[in-house]
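Structural characterization, general
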Amino acid sequence: MTGAIRAEGQFRRVAERTRAAVNLEVDGRAVAALEGDTLLTALLTNGARLRESEFGDGARAGFCLMGACQDCWVWTADGERLRACTTPVASGMRILTRGAPWPTQK
Amino acid sequence: MADAKVIAPTVIIVGAGPAGVRAAARLVAAGLRPIVIDEGRMSGGQIYRRQPEGFRRPAAELYGFEAAKAEALHRDFDALGPKIEYRSESLAWNVYDGALHVLTGERSEALRYDALILATGATDRLVPLPGWTLPGTYSLGGAQIALKAQACAIGARPIFMGTGPLLYLVAYQYAKAGVRPAAVLDTSPYRRRIEALPLLAARPAMLAKGFYYSAILAARGVTMLTGVTPIAIEGDGQVASVVFQDGRGRLRRIEGDAVGLGYGLRSETQLADLARCDFAFDPVARQWLPVTDVDGRSTAKGVYIAGDGARILGADAAEVSGQLAACAALADLGRPAAAAEVGQLRRTLGRMERFRRGLEHGFAWPAHLAAGLADDVLVCRCEAITAGELRRAATELGAPEVNRAKAFSRVGMGRCQGRYCGLAGAEILAARLGVPVEQVGRLRGQAPVKPLPMTTEAVS
Ligand SMILES: Cc1cc2nc3c(=O)[nH]c(=O)nc-3n(C[C@H](O)[C@H](O)[C@H](O)COP(=O)(O)OP(=O)(O)OC[C@H]3O[C@@H](n4cnc5c(N)ncnc54)[C@H](O)[C@@H]3O)c2cc1C
């Protein structure tokens, strides 16, 4: 992936900033989120991408946010596929966005 | 038979948006206990989507003019409580042989029904363009969900592009939340809206709200252009600008760090298809829609369709059509509603149908934009398939219609099941074959309507 990543993330919080903090790990990096965030929100308030297209056409950062496009899949450390836009964060989650197996086989 | 206990019929409703909620309430009023299936964590559907627990914004901030309606719908649904069997976070993924297949967690169950009311709503209708997969580009509805359900903006300087009333509503909601849009770029020429006024006047309050949103945006100095031709979303790994031709044909570039993209809505009809309902091409929306009578009765026995999943009539109509579909199901189960009630609901819905025609004229689906896409533009964002590959399926491989073209090119076969590429793909194919779009048919819905976890287990 090319280009500078916006340090402040793609998404901007505009309200509701006083919720309890939730800490998770994304690709081995600590990420701070708020209770009630979706995984997608947690990742995009901390960065500009969510995953890599499996077809080599670059990074993706979700699209429909309503569980229809399936363009926000990420994985748990033990291989479970999650739809980031409809999965709420939980403390201690370990998420992988890269090198994910596709299609997933378990 | 004399002492056999009368078994109440099983009615299942898919969707807990305005249509599904009103259908459920009407069935409860008739003494039934319907099952309500919804994928969401909370009821409300799209327009009245609820924010997660722990969020504190008042209804007026979330729903604006529609706050009272949102609160009433939420209150009425919550009040149904044990009078319904509500299964949230459950996906209806197939209809087969008189049973609805429902996935909850990793367990799938087949539920038999006497009547099935599909109130599955809609998703954004998209036309691809170069750069639409760049991080920072969202569907217009997605941009609204970020704000409504997560109190986030998709960027600090979002550009809203496409057409339809939602374009102005979402831009207005962003401005109100303190995020001034960099621009609102509408592909429909202004004159079409003027032409549509007589039809739009069927719902004066809706019309007035539309003018109000534009007026507020104008007052805040937001660039608003009509009759634009989108050319590309540009950026190096993330959105930096949008290039387009303005109404006078001048090439322009506007900088921004996010794009909300949408051209009206498309009905979510896969389950109706799996239930073997007949479809017909609707020339107003240029979409294939399930055939129903005025009350939402489909051509498949015991299957009814309500709300935006039947055709895009908006939230108020969804509430009305949900009740009508419930009345139709009740009538077919031998419990007809009073003629006066049904007559009233039908009249209200008729007025909304006029308004729909106005909207589709004023904010027309720009089929020509899809048809004119360059060969190297990604049409399918699931599997990165280009317009050129789709055209090759038409010419070299001789695909006469969308399902064959899908088999050859895989456009529509990806994990969104054609929700985001299907309509544009049909226009590309039709243009290449030189036939009207209805002649290339429609992508058939397939089970599962959304990908299931690999570990899904069936329970009986
Ligand atoms: C993202 C988005 C935002 C919108 N915002 C507005 C707005 O602000 N103002 C406005 O006037 N109109 C808005 N609309 C239009 C709006 O959808 C309708 O006017 C109204 O919500 C339609 O109500 P409905 O009950 O038909 O469907 P919806 O409200 O869409 O409800 C459908 C429900 O069905 C569920 N569902 C669908 N398929 C399945 C399945 N297979 N299994 C389980 N559950 C399923 C969905 O989760 C959803 O909760 C929006 C549309 C979209 C797509």
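Residues numbered from 1 in each chain as written. Chains lettered and ligands numbered in written order. Predicted model: local features only at pLDDT ≥ 70, side-chain atom pairs only at ≥ 80, totals over all residues. Heavy atoms only, no water.

1. A word on the sheet that holds strand β6 (residues 73-76) of chain A
Residues and elements named next belong to chain A. To keep it simple, the criterion reads: Note on pairing: two strands pair once DSSP finds at least 2 bridges between them. Starting at the N terminus, helices and strands are each numbered in turn, a helix being any DSSP run of H or I of at least four residues and a strand any DSSP run of E of at least two. Convention adopted: a line fitted to C-alpha atoms gives each axis, helices being fitted over their contacting stretch, and angles between N-to-C directions are expressed from 0 to 180 degrees.
The sheet built from five strands is open, its strands ordered β3-β2-β8-β6-β7 with mixed pairing. Of all strands in the sheet, those bounded by a partner on one side alone are β3 (29-34) and β7 (81-83). Sheet twist, expressed as the mean angle between neighbouring strand axes with direction ignored, is 40°. Direction of pairing for β6 relative to β7: antiparallel, over a ladder of three bridges. Across the sheet, the residue bridging to valine 74 is leucine 82, located in β7.

2. Things to note about the pairing of β6(A)
Every regular strand shows the same layout, with side chains that alternate between the two sheet faces. Residue and element names in this part refer to chain A. Taken together, β6 and the strand that follows it, β7, pair antiparallel across an intervening segment of four residues, in which glycine 79 is found at a positive phi of about 90°. Bridge count for β6 against strand β8 (residues 94-96) is two bridges, and the pairing is antiparallel. Bridge assignment links threonine 76 to a residue of β8, and that residue is isoleucine 95.

3. Concerning the domain arrangement of chain B
Residue and element names in this part refer to chain B. Stated precisely, the cut-off is as follows: Domain start and end points were adopted from an automatic or database domain assignment. When checking whether two residues touch, look at their non-hydrogen atoms; a contact exists if any pair is within 4.5 Å. What counts as buried area is the accessible surface, traced by a 1.4 Å probe, that two parts surrender upon association, with contributions from both included. For salt bridges, the criterion is a side-chain nitrogen of Lys or Arg within 4 Å of an Asp or Glu carboxyl oxygen.
Domains assigned within chain B are domain 1 (11-123 + 266-360), domain 2 (126-263) and domain 3 (367-440). The distance between the C-alpha centroids of domain 1 and domain 2 comes to 28 Å. Facing the 25 residues of domain 1 at the interface are 19 residues of domain 2. Between domain 1 and domain 2, the buried area comes to about 1,800 Å², and carbon and sulfur atoms account for 60% of it. Interface area lost by domain 1 to domain 2 is led by Phe65, Arg354 and Phe355, which between them contribute 32%. Our count for the domain 1 to domain 2 interface comes out at two salt bridges.

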